Amino acid sequence: MATIKFLGAAQEVTGSCHMLEAPSLGRILLDCGMHQGGSRVDREQQEIFLFDPHTIDAVILSHAHLDHSGMLPQLVHDGYDGPIHCADATADLLQVMLLDSVSIYLGDLQRENRILARKGKPLLEPKYTEKDVSKTLSLCQSHIYKADFFISAGAKVTFHDAGHILGSAIIELTFSDKGKNKKVVFSGDLGNKNAVLMNDPTVLKEADLLLMEGTYGDRDHRPMEDTVAQLKQILLNTQKRGGNIMIPAFAVGRTQELLFYLGQLHRDGLLDNWQVILDSPMAIEVTKVYDRWFESLDSQKIEQATPKAHSIIKDFIPRLFLSVTTENSMAVNNIAKGAIIIAGSGMCTGGRIRHHFKQRIWDSRNTIIFCGFQAQGTLGRLLVDGKQYIKIFNESYNVKAKVETLGGFSAHAGQQELMDWVSNFDDSTRVALVHGDPEALEALSQRLWNEKKIATDIPQVGHCIAF
């Protein structure tokens with residue numbers, strides 16, 4: 001009997017991790033992601049595995065976002081030394097993301113230990129280090145889409161394009177269980193068909209068990225043309241107020257799509273009074289990875305908007321300023337008006353965006369634009385929910401900047417797209433909804449039953465399904 005145990009992203013949006021177990025498989029992890037929200041140091045100290053890492057035979061990774069990959073270094077630190085299977089572009093992104101993540105974590109830990117030392121309290125030991133990241137990257141085995149590979153004699157895996165970010169994959173795993181072939185499909189994060197740089201998610205039709213994300217299971221995204229019109233209006237309004245725009249951007253996917261649409265506005269003459277600043281070393285490095293894989297992006301959409309483009313960095317916005325050093329970032333503070341500052345992190349849990357908030361969030365002339373999901377417990381979610389006073393680096397700030405949300409930029413499929421995708425599977429497929437807040441998953445589950453007569457499980461963390 002095969003089983004799958006849900007260890008994260010079960011009735012929650014972050015921390016994706018599911019353990020598949022069968023005699024012919026051994027123990028397989030689908031993703032190994034970190035939870036996001038709150039203090040990074042507190043979160044890392046509290047993260048524990050509900051299994052012995054030595055007992056895991058293989059990890060299959062859907063994509064590089066940290067809520068799917070961020071716990072890999074700790075897994076390795078705690079004893080895992082098997083293969084980490086991922087799509088080829090994902091392997092390139094992981095190098096940037098995991099190195100950046102450990103740098104932020106160790107920096108935050110160092111600051112926390114200074115506070116503890118002043119109080120005479122015991123210092124915290126790191127849960128993992130750069131050495132663990134290096135070993136993690138050495139364990140990665142990359143594969144191209146639609147090419148079968150074997151993780152054991154009776155277990156075959158195929159990656160399909162999920163259309164979410166560069167290298168994102170739908171995982172299809174076929175294995176033998178007591179003489180019968182069984183198939184598990186894990187959607188990972190399914191892409192939004194409006195995403196201009198990504199191809200549409202691959203449609204699959206067969207599975208004994210389907211794990212499907214439901215991040216936006218309770219709503220659809222705003223049409224992209226309306227979103228771009230809203231962005232234009234925000235630019236005009238902020239310009240009239242003599243302010244600047246701050247965009248907390250996810251380094252992978254969202255930043256590159258933003259640069260595409262800002263490039264369109266530039267060609268329409270709407271950025272003549274603006275300077276676009278990409279103030280995130282990580283996002284800059286990730287965009288360089290996107291440039292290396294430029295030919296794998298949605299070439300038809302890119303060609304229509306930017307003919308003969310070969311690079312996001314060079315061809316989308318000619319006057320794009322890449323802010324790499326700390327000195328570059330600090331210099332941005334001297335710009336009185338007309339700056340569009342794209343800085344990580346997307347949920348404001350770290351990165352340079354918090355420093356820009358310190359300088360500008362209390363000024364009503366300025367605007368903050370959110371263009372992606374904000375998880376519970378993050379600073380981004382507090383701002384989206386309208387909190388008037390926030391703390392940044394233990395200092396309180398009055399939020400006077402205008403807060404806007406652009407719904408169409410999401411990299412996730414909306415409710416109708418999820419409905420359409422899962423409807424392709426045959427009636428015998430058992431469906432489990434993961435990676436979503438309880439309300440979103442319940443809304444999607446109810447609609448699937450009412451309209452499609454598709455029954456679904458909504459597992460909690462620790463729940464196990466036998467199939």
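Whatever comes next refers back to the structure up there.
Within any chain, residue numbers begin from 1 and follow the written order of that chain's sequence. Thresholds applied to this predicted model are a pLDDT of at least 70 for local features of residues and 80 or more for the giving and counting of side-chain atom pairs; totals over whole chains, interfaces and linings are not thresholded and use all residues. Here the side-chain values reflect all heavy atoms present in the structure, with hydrogen atoms and water set aside.

Caption draft 1: Examining the overall build of the protein more closely. Within the protein one finds 15 helices and 22 strands. Its C-alpha atoms give the protein a radius of gyration of 22 Å, within 12% of the compact-globule value 23 Å for 467 residues. Seen along its three principal axes, the alpha-carbon backbone of the protein occupies a region of about 70 × 60 × 40 Å. Each of the 467 residues in the protein was classed as buried or not, and the buried ones make up 58%. Areas reported as accessible are Shrake-Rupley estimates using a 1.4 Å probe. Residue values count occlusion only from the protein chains shown. About 18900 Å² of surface is accessible on the protein, with carbon and sulfur atoms providing 49% of the total. As used throughout, the charge tally considers Lys and Arg to be positive and Asp and Glu to be negative, leaving His and the chain termini uncounted. To locate a charge, take atom NZ for lysine, CZ for arginine, CG for aspartate or CD for glutamate. Counting 48 positive and 56 negative side-chain charges, the protein places the centres of these two groups 6 Å from one another. Only DSSP runs of H or I reaching four residues or more are called helices, and only runs of E reaching two or more are called strands; each is numbered from the N terminus. We compute the radius of gyration over the C-alpha atoms and compare it with the globule rule, which gives 2.2 Å times the number of residues raised to the power 0.38. Using a 1.4 Å probe on the protein chains alone, a residue whose accessible area is under 20% of its type maximum counts as buried, one over 50% counts as exposed, and one in between counts as partly exposed.

Caption draft 2: Highlighting the layout of surface pockets. Taken as a whole, the second largest pocket encloses approximately 710 Å³ of empty space. Lining the second largest pocket are 21 residues, with Ser39, Arg40, Arg354, Phe393 and Asn394 sitting closest to its centre. Secondary-structure elements contributing two or more residues to the lining of the second largest pocket are helix H1 (40–46), helix H4 (88–118), helix H13 (379–384) and strand S17 (389–392). Top element by residues in the lining of the second largest pocket is H4. It accounts for 4 residues. Classification used: nonpolar for Ala, Val, Leu, Ile, Met, Phe, Trp, Tyr, Cys and Pro, charged for Asp, Glu, Lys and Arg, polar for all others including Gly. A class-by-class count of the residues in the lining of the second largest pocket yields 8 nonpolar, 6 polar and 7 charged. Using a grid of 1 Å spacing that covers the protein atoms alone, one calls a set of points a cavity when a 1.4 Å probe fits there but cannot get out, and a pocket when the set is open and has protein on both sides within 12 Å along at least five of seven lines; lining residues are those with an atom within 4 Å of a point. Grid points are joined across faces, edges and corners, and a volume is the space filled by probe spheres set on the points.

Caption draft 3: Fine view of the pattern of salt bridges. For this analysis, a salt bridge means a side-chain nitrogen from Lys or Arg found within 4 Å of a carboxyl oxygen belonging to Asp or Glu. Per the stated rule, a full pass over the model turns up 16 salt bridges. Of the charged contacts, one joins Asp108 and Arg111 as a salt bridge, the two residues approaching to 2.3 Å between their closest N and O atoms. Taken together, the residues Asp108 and Arg111, both in helix H4 and 3 residues apart, mark about one turn of the helix. Note on Asp108: relative accessible area 14%, which makes it buried. Residue Arg111 is classed as partly exposed on the basis of its relative accessible area of 42%. Note that Asp218 is salt-bridged to Arg219, the shortest N-O span being 2.7 Å.

Caption draft 4: View of the side chain of Ser323. Its place among the elements puts Ser323 in the loop between strand S14 (321–322) and helix H11 (326–332). Residue Ser323 is classed as buried on the basis of its relative accessible area of 0%. A distance of 3.3 Å separates a polar side-chain atom of Ser323 from the backbone nitrogen of Ser329. The contact definition used throughout considers only heavy atoms, calling two residues in contact when any of these lie within 4.5 Å. The contact partners of Ser323, leaving out residues within four places of it in the chain, are Ile277, Leu278, Asp279, Ser280, Pro281, Ile284, Asn328, Ser329 and Arg352. Two N or O atoms form a polar contact when they lie within 3.5 Å of each other; inside protein one atom must be a possible hydrogen donor and the other a possible acceptor, and for residues adjacent in sequence the pair counts only when both atoms belong to side chains.

Caption draft 5: Geometry of unusual backbone geometry. Looking along the chain, the bond that leaves Gly344 and enters Ser345 is cis, with omega of 10 degrees. On the secondary structure map, Ser345 appears in the loop between strand S15 (339–343) and helix H12 (353–360). Its identity is not glycine, yet Asp31 carries a phi of approximately 70 degrees, on the positive side. Looking at the secondary structure, you find Asp31 in the loop between strand S3 (26–30) and H1. The class of Asp31 is buried, set by a relative accessible area of 0%. With a phi angle near 65 degrees, Lys146 is a residue other than glycine that sits in the positive phi range. Within the element layout of this structure, Lys146 appears in the loop between strand S6 (140–143) and strand S7 (149–152).

Geometric values such as these leave the question of function open.
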